[in-house]
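Take a look at the letters that make up each chain.
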Amino acid sequence: IYMKWYFHNIKTLSEIIHKDNKLIPALELSVKTFLISVAQNDCKKERISSAQELIEQIEHISSERAGIVKSYEQSDISTPQTGIPIIDALFSLMAYKAMNIHTTINFVISSNIKQMLNTVISEENLSTLLADLIENALIAVAHTNKEKRILVELLKENEIYCIKISDNGVPFPQEVLNNLGIQRITTHKDSGGCGIGMMSICKICKENNASFTIKKFSTEELYSKTITIRFDGLGSINL
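Described in the following lines is the structure provided in the data block. (Residues numbered from 1 in each chain as written. Predicted model: local features only at pLDDT ≥ 70, side-chain atom pairs only at ≥ 80, totals over all residues. Heavy atoms only, no water.)

## Things to note about the nonpolar core
Next up, step 1: By size, the foremost hydrophobic cluster in this structure holds 41 residues, and its most contacted members are Ile105, Leu126, Leu130, Val152, Ile163, Ile229 and Phe231.
Next up, step 2: Beyond its immediate sequence surroundings of up to four residues, Leu126 is in contact with Ile87, Ile113, Met116, Leu117, Ile121 and Ile163. (Core = buried A, V, L, I, M, F, W, Y, C linked by side-chain atoms within 4.5 Å. Buried < 20%, exposed > 50% of the residue type's maximum accessible area, 1.4 Å probe, protein only. Contact = heavy atoms within 4.5 Å.)

Printed below as a string of structure tokens:
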């Protein structure tokens, strides 16, 4: 899971690398084939034609790749830096995903993350929690016609470390709440939901004796709900 989220954070660039890993060997073969054909072909016109085709192929791939990288560089994604590479990478990924579905996502980090990792939760579990919580928020806002908003907070309340994820998306269906932590339930298969995220969240909360709370707000509020995970040692569930 740790490595999964680390590499997903550079999703766009990894897609370029994945494509390069296929294209470069193919181009290598094309060049070798061309050189062999040149050595065996006495027809100057055919050699020039083959060379031109190869040049055009290389130029096309080079231009396409440069366009993808430029688009990524100009996406203007700004996220806070916690000093924890996997968390910073995760925030960048989620900001990129939010941008792609026209969602405003804000990050508020008011606690010492390194200290948090040293006292209440592992780096792997924190990254997994944040990933699943933000993914769920992205799925929720995708189903609203309002201006989409997500707020991610890592803070301390009364000396207790907390994670808060707020969004103005659709509420959790009662079926999901009834089966929370019991079995996988999703009502958003069409947008990538599979129910694994909530099961994973509940499992990590249980392992860390963290309390899980869902608070709903009226439709007039900026956010429709907030999920709070408090590392209070109580391990309670409040819906």
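## What to know about the environment of Ser200
Next up, step 1: On the secondary structure map, Ser200 appears in helix α8 (residues 196-207).
Next up, step 2: Take Ser200: its relative accessible area is 17%, and that puts it in the buried class.
Next up, step 3: Once the C-alpha coordinates of Ser200 and Leu129 are considered, the two residues, 71 residues apart in sequence, prove to be 7.7 Å apart.
Next up, step 4: Ignoring anything within four residues of it in the chain, the contact list for Ser200 reads Thr128 and Asp132. (Helix = DSSP H or I, 4+ residues; strand = E, 2+ residues; numbered from the N terminus.)

## Looking at the side chain of Glu153
Next up, step 1: Within the secondary structure, Glu153 is located in strand β2 (residues 148-157).
Next up, step 2: Buried and unpaired, Glu153 has no salt bridge, with Lys164 as the nearest side chain of opposite charge at 5.5 Å.
Next up, step 3: The residues touching Glu153, leaving out its near neighbours within four places in the chain, are Val108, Cys162, Ile163 and Lys164. (Lys, Arg positive; Asp, Glu negative; His and termini not counted. Salt bridge = Lys/Arg side-chain N within 4 Å of Asp/Glu carboxyl O.)

## Quick word on the pattern of salt bridges
Next up, step 1: Counted under the stated rule, the structure contains seven salt bridges.
Next up, step 2: Of the charged contacts, one joins Lys225 and Asp167 as a salt bridge, the two residues approaching to 2.9 Å between their closest N and O atoms. One end of the pair, Lys225, is in strand β5 (residues 225-230); the other, Asp167, is in strand β3 (residues 160-167), and 58 residues separate them in sequence.
Next up, step 3: When its relative accessible area of 5% is taken as the criterion, Lys225 is described as buried.

## Structural notes on unusual backbone geometry
Next up, step 1: Positive phi, close to 55°, is recorded for His102, a residue that is not glycine.
Next up, step 2: Mapped onto the secondary structure, His102 falls in the loop between α4 (85-100) and β1 (103-109).
Next up, step 3: Classification of His102 by relative accessible area gives exposed; the value is 71%.
Next up, step 4: The phi angle at Asn209 is positive, at roughly 50°, despite the residue not being glycine.

## Things to note about the packing of aromatic side chains
Next up, step 1: Taken as a whole, this structure holds one aromatic pair when the rule is applied.
Next up, step 2: Ring geometry for Phe91 against Phe107: centres 4.5 Å apart, planes inclined by 40°, an arrangement best described as tilted. Here the residue Phe91 occupies a position in helix α4, and Phe107 occupies one in strand β1, the gap between them amounting to 16 residues. In this structure, Phe91 and Phe107 share a single accessibility class: buried. (Phe/Tyr/Trp six-rings, centres within 6.5 Å; stacked < 30°, edge-to-face > 60°.)

## So, the side chain of Thr226
Next up, step 1: For Thr226, the location among the structural elements is in strand β5.
Next up, step 2: There is a polar contact of 2.7 Å between the side chain of Thr226 and the side chain of Ser166.
Next up, step 3: Thr226 has contacts with Lys164, Ile165, Ser166, Thr213, Ile214, Lys215 and Phe217, leaving out every residue within four places of it along the chain. (Polar contact = N/O pair within 3.5 Å; in protein donor to acceptor, adjacent residues only side chain to side chain.)

Take it as geometry only, folks, not as evidence of what the structure does.
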